[in-house]
Every structure is written in C-alpha cells, then in structure tokens.
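Here is how the chains run, residue by residue.
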Amino acid sequence: MRSIKWAVQALLAFLAALLIWEILLQLTTIRSTGYNNDPVLGKIAKEGTYINGQEGYGWTRIYAEGAIGRPFPDASAGAKPPGEKRILFIGDSFTEANQVMTAVKFPFQVERKLKQDGPWRIESFNAGRSSASPAYYIHLADYYHQRIAPDYVVVQINEDDLKDLRNRQGNFYIDEAEGRYQTVFNDSFRSTNAIAARLDGLYHLLEFSTIRVASEKVQKLLMDEPAKKEEARDAARDLALTEWTLAELQRKYPKLVVLFLPTIDFSSDGDLDEQGYFERLVAQAARDHQIDLINMRGPFADLYRQQHKIPYGFANTQYGLGHMNAYGHDITSDLLVDYFREKLIQ
Amino acid sequence: MIFTSVQYIVFFAVILLLLHVIHVNKYKKMLLLVASYLFYSFWDYRFVALIVGMTLVNHLASSIISRSGNDRERKLWLAISVVANLATLGFFKYYNFFVESANVFLGQWGLSFPFLNIVLPVAISFVTFEVMSYTIDIYRKEIKSHSFWDFSLLVVFFPHLVAGPILKPRQFLPQLEKDIVIKRDNVISGIQIFIFGVVKKVVIADNLAHFVDPVFDNPSMYNSLTVWCAVLGYAVQIYCDFSGYSDMAIGSARCMGLSIPRNFNLPYLSLSVTEFWRRWHISLSTWLREYLYYSLGGNRKGRFRQYVNLTIVMLLGGLWHGASWNFVVWGLLHGLGLAIHKAYFDFFLKKKAIQSRIYQSCAWLLTFVFVCVTWVFFRSPSFATSGEILKKMFLFDNQGISWYYPLLAVCMTIVVASHIVGRKMEDYPQVDIRSFRGIFIIVFVLMGILFLMPVNSSPFIYFQF
C-alpha cells in the first residue's frame, strides 16, 4: 500500500515538474508550431506563434504556407490593388529570422522605412524558411508568382546555401547530369534531426518544448556528431552550378536582387575583407548575368571597424557566430531601402 | 569517463550493485581497487603502470620507515621517496617548461636544451601529493603502515583520483578497516550530493564557459565592462566547476558509505585571503600547510620568516597547478596576499579587532576583487593575454564589443543565494524523497539539468592539473 502511495506521488510529482518545465521552456527557450509536409512546399511550419530564446529572443507569428509575420495575400481577392508594390523576400533562416521580433526582421524594416520615405504603397512578404536553399527558390518560383505576384524579389543567399545544393538528403536539391541541371523535390525528407527523422510517427511530439529540447540534448549525449569533413571542391564545377543557379533565379524572377550575407571572421581584423569561396563565385556569376547583387561584407566590416558592433550573434550565444542580430537587420534593411528607393524613383 | 557522462552512471551503478552483493570486505576493497584502475584506464591506460610504480615505491619506502628504528635510515628512505615523487612529477609536468625558460637564458650563448614530446599523465599532480602525504605521515609517526592494497586504494580511489580532493591518509585509511556497507540512506544522500555537483558543473559552469572562453581567448575584441564581466564569470565558473566535481566525488563516496571531507566552504564569503584559503580547495591548502609550510618552519622561526614561508608555499602551490609563468604569478600573488594579510593581522588586527559592517564589507570587496584579478593569470592562455586583460580591466578601454551575457546574471544570483543560504547549513541540502515535495524537487532539478545543460559541455578545469 505504501509503495503504491509513493508511486502515485512520484507520478504526480513527475507530471507537475514536466508541466512547469513545459511552460518555462515555451516562454524562454523554444516554442515550435510544428511542421506539415506539404505536397508542394515540402516541410513547412504550421500556423501559430513560434518563440525562440535559444539564440537571441523573438516571437514570430507564422501564417499559412509558412508566411512569416504577415499572411500571404488572400488568394480569392484577385489582382492586387492598383499602385501597390509587392516585394517578396525569400531566403533561409536568415530571412525567416526567428531570433528577433517581427518588427526587427529586415523585410519588415524595408517596408516600414520605404513607407516613411515616400508615397509608395509597399507590401513586403517574408517567405524565409529554415534550411531552404536556391534549389527551393527556383523550384517554387511559379508558386510564389501565382500566390504573391511580386514586383521585386529579394533572394537571400549565404555561403552555406551554395555548399549543399547537390545534397540529395535535403528537401530540395539540384540534380546534375552531363552538365545539365534541374531542381528536385525530395518528398521523403522529414528532418535534419536524426531522432526525429527516425521516429516519423512521433514527429508531432516535438511540438512539446520539453520533448524537443530533451531530444536535442539526449541526441548530443548519446550520439557522437560525425566530424564534418570539408570536401575538396571542384572550382570549375562549382562555378558552373553557381552560374546556372543565378541565371535560373533571374529567369524565374526577372526583377531580382540577390542579397549575399557573408561569413566573416571578426576575431581577425585582416580577414574582414577577404571574400569566401562561394562569395567570389556568386560575385562572378552576378557580373556575368548582370544580376543586381548586394553583398553585405563591406557594410558589416565597416560596422565593426567604426562602431565595434557585430551583425551576427546574440548576447545569449556568441557575437560573430550564428544568425543576424538587430544590428545586422538594421544595416541590411538600410541598404535594401537605398536600392529600392532608386528602383521606385525610376 | 567523466562524472557527468552516461558511461560513469552505468559504471557506478554496477559497482554499487556488486558492493551490495559481495559480503567479504576484502573482496569489496579488491573490487574498488580494480574499478579504480579501470576508471583510470578509461582516461589513459598507458600510465596505469606509472601509478602502480609510484604506489609501490612509496609503499616500500614507508614500510621501511615504519619498521626502522634508525633515524638516518628513516630520513634516507623519506628522501628517496620524496625525490622519486618529485622527479616523476618534474619530468612529466615541468621538463619542457624549465627547458623553455632555461633556453631563453642560454640562448645568449647559442646553447639550448632539447624539448621532449612528453604526454602529461592524467592525475599525476594529485597522485604525487597523495603518495607523499602517506609516506610523510608514516615518517612523522602520525599513522601506522597499512597494507599495499589499502594504500593503493587510497591513491586511486576513483571518486577522487583525477582531480581530488586530496585525501588525508589518517582520515581515509581507518574507514577501509571497517566493513564497507551499502546503506539505503547513504545512497539516497550520496545521490543528492552528486546531483548538486552536476547542477553546479553542467548548468552553471558549462553555460558560463560559453561566455568566458571567447572573451579570454580574444580580450582585445571586447570593451572593459565585458572583460570585467568575463572575469567575474570565470570566478563563478571555476568555483562551480571544481566544487561541482568535488561534490560529485563526495556524493559517489558517500553512496559507498565512505566519507570524503568537503573541499569548498563558500569561498567567496571570505573577508581575507587567509580566510579564502581556508574555504577554497581545502584539501590542497591543508596539504600545503601540513607538508610544506610546516616543513619550512611555519611560524616557528620569527615573523619575517613566516611571511617568506607563506609566499614560498603559495608560489610552489601555483607551480603545482601547471607549468607556466601564469601559475607562478598566480601563486606568488596569493602568497604575497597571505603574507601581507598576516602582517596586517600581526600589527593591527591582533591588537584591535574591527567588527563594523562597513569595514567587513570593504574587507569582503577587497578580497573578492583580489581573488578575481588573480584568476586572470590562472585562466589566461598566455602571459601576454593576462596583461591585455588587466589593461582592459583597469584602463577602462571602451573600444570593443559590448557583450552582457544574460546567464551571467542568473548564475551569479544562484551562487550568491546559495552562499547566503549555505552559510546557515552544516551539510549539503537534502530532501526527503518519501514526500511529494522531495520527489518533486529531485525530478524538477533532474529535468532542469537535461533542459539547461549546454549542447557542448566543457571539460573539468582541474583535469588539466
């Protein structure tokens, strides 16, 4: 009898502790909306409020089709209102920017600043998505044209996006055969999280913050992360793929501007201006195809040199590493505003 | 195999189970000895023979000392064992350091000693002090000679093997003469102490490392206030890291019914450097006092000589931590701090003790700032970096990144609160696991460890010594 009483007490204590931790983690660490496997969009965040406190701190309202901070236009409303200019921002987690509040994300700053600046009716749409790559942007171009009818498209790219373009394990990738390329939608993709990928049926459990955080930690405790081998790169092959990718992006999105977010080693002053491998390839491909390119290296390096501010990283992680912080979003939006002001005046 | 690994939890559970099943004390001790060597082998099996060799030499010397009635012979064997121990430690730990320093001097004449590719055996510093304390105690006739197996177990007893606490033979060996019994209450209490240590290490120290490490690695990138925060962060980190390890050692031993004395006693409450060393790494400061300070004459040869002795002892204590000028300076500063405080006590406080709160607050602040500043030498990767950090701290250079790590405030609050609460407690906090409240606290803390531990943990700081 006593042991039954103890077992009941233990169970209640366990549930009470779990509940308190669930609430604490949801408010301070992570609250995920979960994901759907959409037949067109692939793995896409469900509607809801995403809270992230693991890196920076941000609340992000996610709408249908993974729209960040604001829903995509009502499909039944027909053509867009006259005079309205729509800017579509597509990119990876740097555009999604769950690390900062919605008003700080650079797509919304661009809209706000342009509206303050002139008589333009600007609407920005943030289609940023974690782990996305140019393969995804190309593959879904028709979808976004049909859904949003953007006047301008900002495609955000960084060094890592181009590294893994051929990775067949991703949700979208580029298939290369005899010098011909095509984007492929891998509909069997579930997750980059090893445990989640294996337990497909229990995937929805990761919507509980306690289970999500615990699974990340247990995975780390039990599984040794394989050391990432830096594969030897074939410069000619990489250039050809980058050239094709940018040309295809331009073909799909005629009013395109590529926003390149470079990887910068701020601990070494001499390396601030030294371009990365794919950064050089993107610059060359953009020149070859006369694509507008905004490379943030110069402005970011100047921000550090002049004000000792670093555009990446957060107080709760480490400055210089990870996603863009408020400084990064501010300065990026300033450059984009300058660019669009010129375009809109023209 | 570190205490915070799943490997150790399984290893320890198996040992407890076997100790519970075995009924003959001799076999229990054998099991502990084998388990301890196995534990060491997980770190580096190549040096098991070295540890066995040191144990053999010291047991042989101490046995002869114990049996001999001839003072010269006793002294000779003590000298042989001390020289053998220090030569072993010196070769593995200090050879390249001395060669590097000597070569700077000899370089003027184009001479140099060769560097050797020496691997530092894990736990060599702790093992050296442990075997020496046994032989010296025998020489001083403070303990009687024990069997080779008991002595071996004293040296390699796995909870304290890698980073202490350094056990006093007269405290630990008598426990081995009694039956080792696994009792439910001891296990519950030991597990709670162990969890307490895990919280300190995993939740506080490892999280702070994410802030402290980058700042100490590249202080020129950050402004003065950030550097000050990192130094404060390190003060908390090293306390939680090392005292957390000690708690885990004490908890593990208590589960087996064996007692290891506390190694830390709320050190940041100290009102003087002298008090700090009574509260910080107590087993080391006790060892230095009993085996080095007293041997140098202690306070028996006049005041001035006492101040010099204090300085020498701490300087050597600093060098014991590692072969670098940073540790030498750290030890020297603490030695000077102790000597100055002793002189202040002798000439002022002895005549008139000051009880006012303002005075005590100033004394606390001065001690705390002094300890924090000396940590700069202890933590910095190089002497040049120490200089850079001190320059940032005291010249108030506002150039650089401002980084105010939010967890620093949280961790500082926890440590301050635990110091205030801990002042009123004799032993570790314990809960009654038969009550709902007790179970809830344990489960909540265990979940907290899992949720709050950083993805990348840091190694125990004292493992490098």
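Residues numbered from 1 in each chain as written. Chains lettered and ligands numbered in written order. Predicted model: local features only at pLDDT ≥ 70, side-chain atom pairs only at ≥ 80, totals over all residues.

**Observations regarding the overall build of chain A**
Within chain A, the regular secondary structure consists of twelve helices and twelve strands. What you see for chain A is a C-alpha radius of gyration of 22 Å, in line with the 20 Å of a compact globule of 346 residues. Along the first, second and third principal axes, the C-alpha atoms of chain A reach 85 × 50 × 45 Å. Expressed as a percentage of the 346 residues in chain A, the buried residues total 36%. Partitioning the intrachain contacts of chain A with sequence separation of at least 6 by distance along the chain shows that 68% fall at a separation of at least 24. (Helix = DSSP H or I, 4+ residues; strand = E, 2+ residues; numbered from the N terminus. Rg over C-alpha atoms; globule rule 2.2 N^0.38 Å. Buried ≥ 20, exposed ≤ 12 C-beta atoms within 10 Å, placed from the backbone. Contact = placed C-beta atoms within 7 Å.)

**As for the overall build of chain B**
Broken down by element type, chain B carries 18 helices and zero strands. Per-residue burial over chain B gives 40% buried out of 465 residues.

**Here we look at the domain arrangement of chain B**
How big an interface is tends to be expressed through the accessible area that disappears when the partners come together. Residue and element names in this part refer to chain B. One can read the domain layout of chain B as domain 1 (6–182) and domain 2 (186–464). Its C-alpha centre places domain 1 at a distance of 25 Å from the equivalent point of domain 2. Domain 1 puts 24 residues into the contact, and the matching count from domain 2 is 24 residues. Mapped by element, the contributors of at least two residues to the side of domain 1 that touches domain 2 are α1 (6–21), α4 (71–106), α5 (124–139), α7 (158–161) and α8 (169–177). With five residues, the top contributor of residues to the side of domain 1 that touches domain 2 is α5. (Domains from an automatic or database assignment.)

**A short note on the interface of chain A and chain B**
Every contact between the two is made by 25 residues of chain A and, on the other side, 24 residues of chain B. Of all elements in the fold, only α1 (2–28) and α8 (209–222) of chain A reach the threshold of two or more residues within the side of chain A that touches chain B. Considering every element that reaches the side of chain A that touches chain B, the biggest residue donor is α1 of chain A, with twelve residues. Along the lines of polarity and charge, the residues of the side of chain A that touches chain B split into 17 nonpolar, five polar and three charged. (Nonpolar A, V, L, I, M, F, W, Y, C, P; charged D, E, K, R; others polar.)

**What about α8 of chain A?**
Spanning 14 residues, α8 of chain A covers 20 Å between terminal C-alpha atoms, matching the ideal 20 Å at 1.5 Å per step. For α8 of chain A, the full list of buried residues reads S209, T210, R212 and V213 of chain A. Buried positions along α8 of chain A lie against α1 and β1 (30–31) of chain A together with α18 (436–452) of chain B. (Expected span 1.5 Å × (residues − 1).)

**What to know about the environment of S458 of chain B**
Residue and element names in this part refer to chain B. Inspection of the secondary structure assignment puts S458 in the segment after α18. Look at S458 and you get partly exposed, because 18 C-beta atoms sit within 10 Å. For the pair S458 and Q108, spaced 350 residues apart in sequence, the C-alpha separation works out to 41 Å. When neighbours within four sequence positions are excluded, S458 is seen to be in contact with D206 and A209.

**As for the sheet that holds strand β4 (residues 48–52) of chain A**
Residues and elements named next belong to chain A. In spatial order, the strands read β1-β4-β5; together these three strands make up an open sheet with antiparallel pairing. Of all the strands in the sheet, just β1 and β5 (58–62) have a single pairing partner and so form its edges. Sheet topology note: the β4/β5 ladder contains five bridges and is antiparallel. From the neighbouring strand, N52 faces β5, where its bridge partner is G58. (Pairing = 2+ DSSP bridges.)

**Side note on the packing of helix α3 (residues 48–67) of chain B against helix α6 (residues 148–156) of chain B**
Residue and element names in this part refer to chain B. Interhelical geometry of α3 versus α6 gives an angle of 130° and a closest axis separation of 10 Å. In terms of orientation, α3 and α6 fall into the oblique class. The interaxial crossing formed by α3 with α6 has right-handed handedness. On α6, the residues that touch I51, T55 and H59 of α3 are F148, F151, S152, V155 and V156. (Axes fitted to C-alpha atoms, helices over the stretch in contact; angles between N-to-C directions. Parallel < 35°, antiparallel > 145°, perpendicular 65-115°, else oblique. Left-handed = near helix turned anticlockwise from the far one by under 90°.)

**Let's talk about the packing of α3 of chain B against α5 of chain B**
Helix packing for two helices is described by the angle between their axes and how far apart those axes are. All names here are of chain B. Two numbers describe how α3 lies on α5: the axes approach to 9 Å, and their chain directions differ by 10°. Regarding the angle of α3 to α5, the classification is roughly parallel. On the side of α3, the interface is formed by I51, M54, T55, N58, A61, S62, I65 and S66, while α5 contributes V127, V131, Y134, T135, I138 and Y139. Residue classes in the contact of α3 with α5 are distributed as nine nonpolar, five polar and no charged.

**Focus: the pairing of strand β9 (residues 172–177) of chain A**
Each regular strand displays side chains that alternate between the two surfaces of the sheet. When β9 of chain A meets strand β10 (residues 180–185) of chain A, the two strands line up antiparallel, connected through six bridges. The residue of β10 of chain A that forms the bridge with Y173 of chain A is V184 of chain A.

**Notes on unusual backbone geometry**
Backbone geometry follows two general trends: most residues other than glycine have a negative phi, and most peptide bonds adopt the trans configuration. Here the phi dihedral of S131 of chain A falls at roughly 70°; this positive angle occurs in a residue that is not glycine. When you line up the elements, S131 of chain A lands in the loop between β7 (121–126) and α4 (134–139). Looking at S131 of chain A, the number of C-beta atoms within 10 Å reads 19, which means it is partly exposed. In this model, A123 of chain B sits at a positive phi of 70°, which is unusual for a non-glycine residue. Its location among the elements puts A123 of chain B in the loop between α4 and α5. Owing to 24 C-beta atoms within 10 Å, A123 of chain B belongs among the buried residues under this scheme.

**Brief notes about the sheet that holds strand β11 (residues 256–261) of chain A**
Residues and elements named next belong to chain A. The five strands lie next to each other as β7-β6-β8-β11-β12, forming an open sheet whose pairing is parallel. For this open sheet the edge positions go to β7 and β12 (292–295), each flanked by a neighbour on one side alone. Strand after strand, the sheet turns through a mean of 20° between neighbouring axes, direction not considered. Looking at chain direction, strand β6 (residues 84–90) and strand β8 (residues 152–158) are connected through four bridges and run parallel. Residue pairing across strands places I87 opposite Y152, the latter belonging to β8.

**Some thoughts on the nonpolar core**
In this structure, V155 and V258 of chain A are the most contacted members of the largest nonpolar core, which totals 175 residues. Tallying contributions element by element places helix α10 (residues 224–255) of chain B first for this core, with 16 residues. When residues of this core are assigned to domains, at least three map to each of domain 1 (6–182) and domain 2 (186–464) of chain B. When sequence neighbours within four positions are dropped, the list of residues in contact with V258 of chain A reads V155, I157, L246, V282, A286, I291, D292 and L293 of chain A. Judged by nonpolar contacts, the second largest core, of eight residues, contains W21 and L25 of chain A together with I439 and M447 of chain B. (Core = buried A, V, L, I, M, F, W, Y, C linked by C-beta atoms within 7 Å.)

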